[in-house]
Amino acid sequence: MSVDISNLNGGILEAPVVLKAKDFETDQDVRWCPGCGDYSILKQVQTVLANLGKKQHETVFVSGIGCSSRFPYYVETYGVHSIHGRAPAVAAGLKMANPNLQIWMITGDGDALSIGGNHFIHLLRRNFNLNVLLFNNQIYGLTKGQYSPTSEENKRTASTPFGSIDHPVNPIALALGCDATFVARSMDRDPTHLKDMLTRVDQHRGSSFLEIYQNCNIFNDGAFFSFTEKESKPANCIFLRQGEPLVFGKENEKGIRLDGFTTQIVDLRTDGFSKDDLWVHDERDQNKAQILSRFFDNMHDEGALPRPFGVFYQTDRPCYEDLLFGQIEKAVEMQGEGDLDKLLAGANMWEIK
């Protein structure tokens, strides 16, 4: 993807084509319900791909099944619309086959955390160098509104007319439990924050996990309005920024402090505390990331903790494909020394009489 700009001494100088967000749009009609949060996510992903200088022929979008999984049709790159819950297996296989590919895996709360739960956890723990975007709308949208693994308790749907008795999965806590090396959260209705998180996701080397709160305006409208609407957002959201204290409220008048491992909401105007007394966010602190992931379970209680958005945790660990190819190189160096028959026979022998 280049264009000739001049000829010097018989040689051709080439300048790379600078792609725009529009270059990552396909000719396919986008078939989501009008007003779906997926439109916003698609737009921000296309913008970030252009801003990061991605090349279409080196980028692959892999998805499973669900509303979110139509994503590969709408991004002008290579794409694989795979089968329910198995996108991690396809993405991992592609990464091992060609580690130079830039792989983005698109999934939903049902696709990743129900039928695909086993594949999801092993992808994260193995730490392939790829990006996982989980669109969480707390409902099965494609199959007409059944409760999903992230639906709240007592959720009334067509499949749970008396209310769901299931306890919901906490995607951030699950990712941290899998020792994912990058864990973050954003939302469809904050495009600036979403673009920042998508950029951070791509900058990380390893399995990058981003949960995106996405509104399903047909079957679960308003599930996240307390975090996305102008009036309620300041009181219910806390934005994680490296090296900065945890503050929230319309004028950042409230904060979070730690008393041991116990969290406490304080009012900086009346409680006698300053920002110097507050919890300072450190993306490298796994223990505190675990605590942040639990700013989740009491959202409907009086005095509930605000919901965190941003990077919870980031660390460095060797990528699976690097270790794999390291083993292959070692095996090639040892060529001629191995004995396949001996390896298959093994050291233990039994005589059956």
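Right above here is the structure, for reference.
Values in this document were obtained by computation on a predicted structure and should not be read as measured data. (Residues numbered from 1 in each chain as written. Predicted model: local features only at pLDDT ≥ 70, side-chain atom pairs only at ≥ 80, totals over all residues. Heavy atoms only, no water.)

**Q** So what about the nonpolar core? Which residues, and what values?
**A** Membership of the largest hydrophobic core comes to 37 residues, with the highest contact counts inside it found for F120, L124, V132, V183, F209 and I256. Y74, I106, F135 and F182 belong to the second largest nonpolar core, which has 27 residues in total. (Core = buried A, V, L, I, M, F, W, Y, C linked by side-chain atoms within 4.5 Å. Buried < 20%, exposed > 50% of the residue type's maximum accessible area, 1.4 Å probe, protein only.)

**Q** Before we move on, can you summarise helix α9 (residues 286–293) with the specific residues and values?
**A** Regarding α9, the residues found buried are A289, I291, L292 and S293. Next to the buried residues of α9 lie α5 (171–177), β9 (237–240), β12 (262–267) and β13 (307–314). The distance from a side-chain oxygen at the start of α9 to the backbone nitrogen of N287 is 3.1 Å, and the residue carrying that oxygen is D285. (Helix = DSSP H or I, 4+ residues; strand = E, 2+ residues; numbered from the N terminus. Contact = heavy atoms within 4.5 Å. Polar contact = N/O pair within 3.5 Å; in protein donor to acceptor, adjacent residues only side chain to side chain.)

**Q** How would you explain the packing of aromatic side chains if you had to name every residue and give the values?
**A** Scanning the entire structure with this criterion turns up 15 aromatic pairs. Taking the centre distance of 5.1 Å and the plane angle of 80° together, the rings of W32 and Y74 count as edge-to-face. Note that W32 is positioned in the loop between β2 (11–16) and α1 (38–51) and Y74 in the loop between β3 (59–63) and β4 (78–81), a separation of 42 residues in sequence. Judged by its relative accessible area of 8%, W32 falls in the buried class. The interplanar angle of 40° and the centroid separation of 5.9 Å between the aromatic rings of Y213 and F227 together place this pair among those described as tilted. Remark: F227 occurs in helix α7 (residues 225–228) and Y213 occurs in strand β8 (residues 208–213); sequence separation between them is 14 residues. (Phe/Tyr/Trp six-rings, centres within 6.5 Å; stacked < 30°, edge-to-face > 60°.)

**Q** Quick one: what's the story with the pattern of salt bridges, residue by residue and with numbers?
**A** For the structure on display, the rule yields 11 salt bridges. Between D202 and K54 there is a salt bridge, with the nearest N and O atoms lying 2.7 Å from each other. Of this pair, D202 sits in helix α6 (residues 191–203) while K54 sits in the loop between α1 and β3, and the two are 148 residues apart along the sequence. Each member of the pair, D202 together with K54, is buried. Close ionic contact of D316 with R284 constitutes a salt bridge, the shortest N to O distance being 3.5 Å. Pair noted here: D316 is in the loop between β13 and α10 (320–333) and R284 is in the loop between β12 and α9, with a separation of 32 residues, a long-range link. Using a relative accessible area of 60% as the deciding quantity, one classes D316 as exposed. (Salt bridge = Lys/Arg side-chain N within 4 Å of Asp/Glu carboxyl O.)

**Q** Give me the lowdown on the side chain of S293, citing residues and values where you can.
**A** Tracing the backbone shows S293 in helix α9. Since its relative accessible area comes to 1%, S293 is described here as buried. Residues contacting S293, with those up to four places away along its chain left out, are N170, I172, A173, L176 and F312.

**Q** Explain the side chain of D38 to me, using residue names and the numbers behind them.
**A** Of note, D38 is situated in helix α1. For the buried D38, no salt bridge exists, and the shortest N-O distance to an oppositely charged side chain is 8.7 Å, to R70. For D38, the side chain forms a polar contact with the side chain of Q214, separated by 3.3 Å. Sequence-distant contacts of D38, defined by excluding residues within four places in its chain, comprise W32, C67, S68, F135 and Q214. (Lys, Arg positive; Asp, Glu negative; His and termini not counted.)

**Q** Explain the sheet that holds strand β10 (residues 247–248) residue by residue, including any values.
**A** Reading across the sheet, the 3 strands line up as β10-β11-β12 and stay open at both edges, with antiparallel pairing between neighbours. Only two strands of the sheet have a single neighbouring strand rather than two, namely β10 and β12. Relative to strand β11 (residues 254–259), β10 runs antiparallel, the two being bridged by 2 bridges. Within the sheet, the bridge partner assigned to V247 lies in β11 and is G255. (Pairing = 2+ DSSP bridges.)

**Q** Requested: an account of a nonpolar patch on the surface, with residues and values cited.
**A** Taken together, the side chains of L340, L343 and L344 make up a nonpolar region of the molecular surface, amounting to roughly 380 Å² of accessible area. Looking at the element boundaries, L340 is found in helix α11 (residues 340–345). Look at L340 and you get exposed, because its relative accessible area is 57%. (Patch = residues over 30% accessible without salt bridge, like charges linked within 9 Å, V, L, I, M, F, W, Y side chains within 5 Å. Areas by Shrake-Rupley, 256 points an atom, 1.4 Å probe, with all protein chains shown as cover.)

**Q** Kindly report on the packing of helix α2 (residues 87–97) against helix α4 (residues 117–126), identifying the contributing residues and their values.
**A** For the pair α2 and α4, interaxial distance at closest approach is 8 Å and the crossing angle is 35°. For the pair formed by α2 and α4, the contact residues are P88, A89 and A92 on the first element and H119, F120 and L123 on the second. Among the residues forming the contact of α2 with α4, the class breakdown is 5 nonpolar, 1 polar and no charged. (Axes fitted to C-alpha atoms, helices over the stretch in contact; angles between N-to-C directions. Nonpolar A, V, L, I, M, F, W, Y, C, P; charged D, E, K, R; others polar.)

**Q** Explain the state of the cysteines to me, and be specific about the residues and the numbers.
**A** The tally for this structure, following the rule as stated, stands at 0 disulfides. C67 takes part in no disulfide bond, and the closest cysteine sulfur, belonging to C36, lies 6.4 Å away. Left without a disulfide partner, C237 is nearest to the cysteine sulfur of C36, which lies 20 Å away. (Disulfide = S-S within 2.5 Å.)

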